[in-house]
Amino acid sequence: MYLTRRAFLFSAVKKPLSIGGIRFGVETNGRSKRRYLHIHGNETTARDVLKEHLKTFKGVYYFVESQKRNVAVGECLIDPNRMFTAAGARKSLERFNREKSAAQIDAALALLEKDRDSFVRAVTPPKGGLSIAMHNNSEGYSIKDELPISDKSHVPDEANPRDFMLVTNEADYEKIAKGRFNACLQKTVRTDDGSFSVLANSRAIRYVNIEAALGNFEKQKAMIGFLEQVLR
Ligand SMILES: [Zn+2]
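None of these values were measured; they are calculated from a predicted model.

Participant: So what's going on with the sheet that holds strand β10 (residues 182-185)? Which residues, and what values?
Facilitator: Here 9 strands make up an open sheet; going across it, the order is β1-β2-β4-β3-β7-β11-β9-β10-β8 and the pairing mixed. Whereas interior strands pair on both sides, the edge strands pair on one side only; in this sheet they are β1 (17-19) and β8 (152-154). Averaged over neighbouring strand pairs, the angle between their axes works out to 20 degrees when direction is ignored. When β1 meets strand β2 (residues 22-29), the two strands line up antiparallel, connected through 3 bridges.

Right, dumping it as structure tokens:
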């Protein structure tokens, strides 16, 4: 295809991806069916691990452009890991914007709605590919919270329940469960909270969420390194 110089320059500039005004930086390393997502801006260990990872491992990487967990959509705030379905987004908006009017909430929902399909298409891996999200948690959340709603679980690292992988594909889970890291399989949607794992389950996307305690850089790096070894 012939491009004018002007068109070429524009094609070479990486346009950030956005949904409802929430911007994501996009970084690409070569060609691969891997897609990586960093969605909570305050989870800085996860971002640091992924930034290092992308120097070695091919794929497309998406980084939320925020330092905070919740982000603005219109005049409201939302947890960005609740925006992947309309029902989940409404619940999150209603929770975090109690002082706003119904019209303001509806306007924020409409902004998300307008971009959701193209955003989801961008972050969804191609057929047979794998989506990996990186999160950090603090006291009060661990694999123990996920066990009651998991189909299978593997907890060899009992002393560190905050470090675990949440997996949607059973074949992937079985490979991960041969290793030394905590993992749980959630292959069915139970509550639509609008998170990426709900979207992954409803669309049969192979997805692994790597959770680690905030600050646990080496551990989270080891977890994603292990994943790259056992999953193709
Ligand atoms: Zn998170």
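Okay, back to it.
Participant: So what's going on with the coordination of the zinc ion? Residues and values would help.
Facilitator: Looking at the zinc ion, one finds its protein donor set to be His-40 (ND1), Glu-43 (OE), Glu-43 (OE) and His-135 (ND1), positioned 2.0 to 2.3 Å from the metal centre. Geometry at the zinc ion is irregular, judged from the 4 donor atoms that bind it and their angles of 57 to 150 degrees at the metal.

Participant: Tell me about helix α8 (residues 217-230), residues and numbers included.
Facilitator: Along its 14 residues, α8 runs 20 Å from first to last C-alpha, staying within 8% of the 20 Å computed at 1.5 Å per residue. Every buried residue of α8 is accounted for by Lys-219, Gln-220, Met-223, Ile-224, Phe-226, Leu-227 and Glu-228. Check the buried side of α8 and you find it contacts β3 (34-38), α2 (44-53), β7 (130-137), β9 (164-167), α6 (170-176) and β11 (207-213).

Participant: Tell me about the pattern of salt bridges, residues and numbers included.
Facilitator: Inspection of every chain in the model, using the stated rule, returns 19 salt bridges. In this structure, Lys-221 and Glu-52 form a salt bridge, with 2.9 Å as the shortest nitrogen-oxygen distance. Remark: Glu-52 occurs in helix α2 and Lys-221 occurs in helix α8; sequence separation between them is 169 residues. With relative accessibility at 32%, the residue Glu-52 sits in the partly exposed group. The partner of Lys-187 in a salt bridge is Glu-170, and the shortest N-O contact between them spans 2.8 Å. Pair noted here: Lys-187 is in the loop between β10 and α7 (196-202) and Glu-170 is in helix α6, with a separation of 17 residues, a long-range link. Accessibility expressed as a relative area gives 38% for Lys-187, which makes it partly exposed. By relative accessible area, which is 27% here, Glu-170 ends up partly exposed. Among the charged side chains, a network of salt bridges with common partners joins Lys-152, Glu-170, Glu-174 and Lys-187.

Participant: Residues and numbers for the packing of α2 against α8, please.
Facilitator: Their axes nearest at 9 Å, the elements α2 and α8 cross at an angle of 45 degrees. Judged by the angle between their axes, α2 and α8 are oblique. Judged by the twist between their axes, the crossing of α2 over α8 is right-handed. Contacts between α2 and α8 involve Thr-45, Ala-46, Asp-48, Val-49, Leu-50, Glu-52 and His-53 from the former and Phe-217, Gln-220, Lys-221, Ile-224 and Glu-228 from the latter. Taken together, the residues of the contact of α2 with α8 sort by class into 5 nonpolar, 3 polar and 4 charged.

The rules behind these values
- Each chain carries its own residue numbering, running from 1 in the written order of its sequence.
- Owing to the predicted nature of the model, reporting of local features is limited to residues with pLDDT of at least 70; listing and counting of side-chain atom pairs is limited to 80 or more, with chain, interface and lining totals taken over all residues.
- No hydrogens and no water enter the side-chain calculation; it runs on all heavy atoms of the structure.
- Two strands are said to pair when DSSP picks up at least two bridges between them.
- We count a stretch as a helix when DSSP gives it H or I for four or more residues in a row; a strand needs E for two or more, and each element gets its number in order from the N terminus.
- Interaxial angle, 0 to 180 degrees, is taken between N-to-C directions of lines fitted to C-alpha atoms, where a helix line uses only the stretch in contact.
- Donor criterion used throughout: N, O or S atom within 2.8 Å of the metal, extended to 3.2 Å for Na, K and Ca. Water excluded; incomplete-looking sites may result.
- A four-donor site is classed as tetrahedral when every donor-metal-donor angle falls between 85 and 135 degrees; four donors are called square planar, and six octahedral, when trans pairs exceed 155 degrees and all remaining angles lie between 65 and 115, with any other arrangement labelled irregular.
- A helix is expected to span 1.5 Å multiplied by its residue count minus one.
- Only protein chains enter the accessibility calculation, which uses a 1.4 Å probe; a residue whose area is less than 20% of its type maximum is buried, one above 50% is exposed, and one in between is partly exposed.
- When checking whether two residues touch, look at their non-hydrogen atoms; a contact exists if any pair is within 4.5 Å.
- The term salt bridge refers to a pairing of a side-chain nitrogen on Lys or Arg with a carboxyl oxygen on Asp or Glu at a separation within 4 Å.
- In this scheme, roughly parallel covers angles under 35 degrees and roughly antiparallel covers those over 145, while 65 to 115 is roughly perpendicular and the rest are oblique.
- Two helices cross in a left-handed way if the nearer one is turned anticlockwise from the farther one by less than a right angle. They cross in a right-handed way if the turn is clockwise.
- As a working rule, the residues Ala, Val, Leu, Ile, Met, Phe, Trp, Tyr, Cys and Pro are called nonpolar, Asp, Glu, Lys and Arg charged, and the rest polar, with Gly in that last group.

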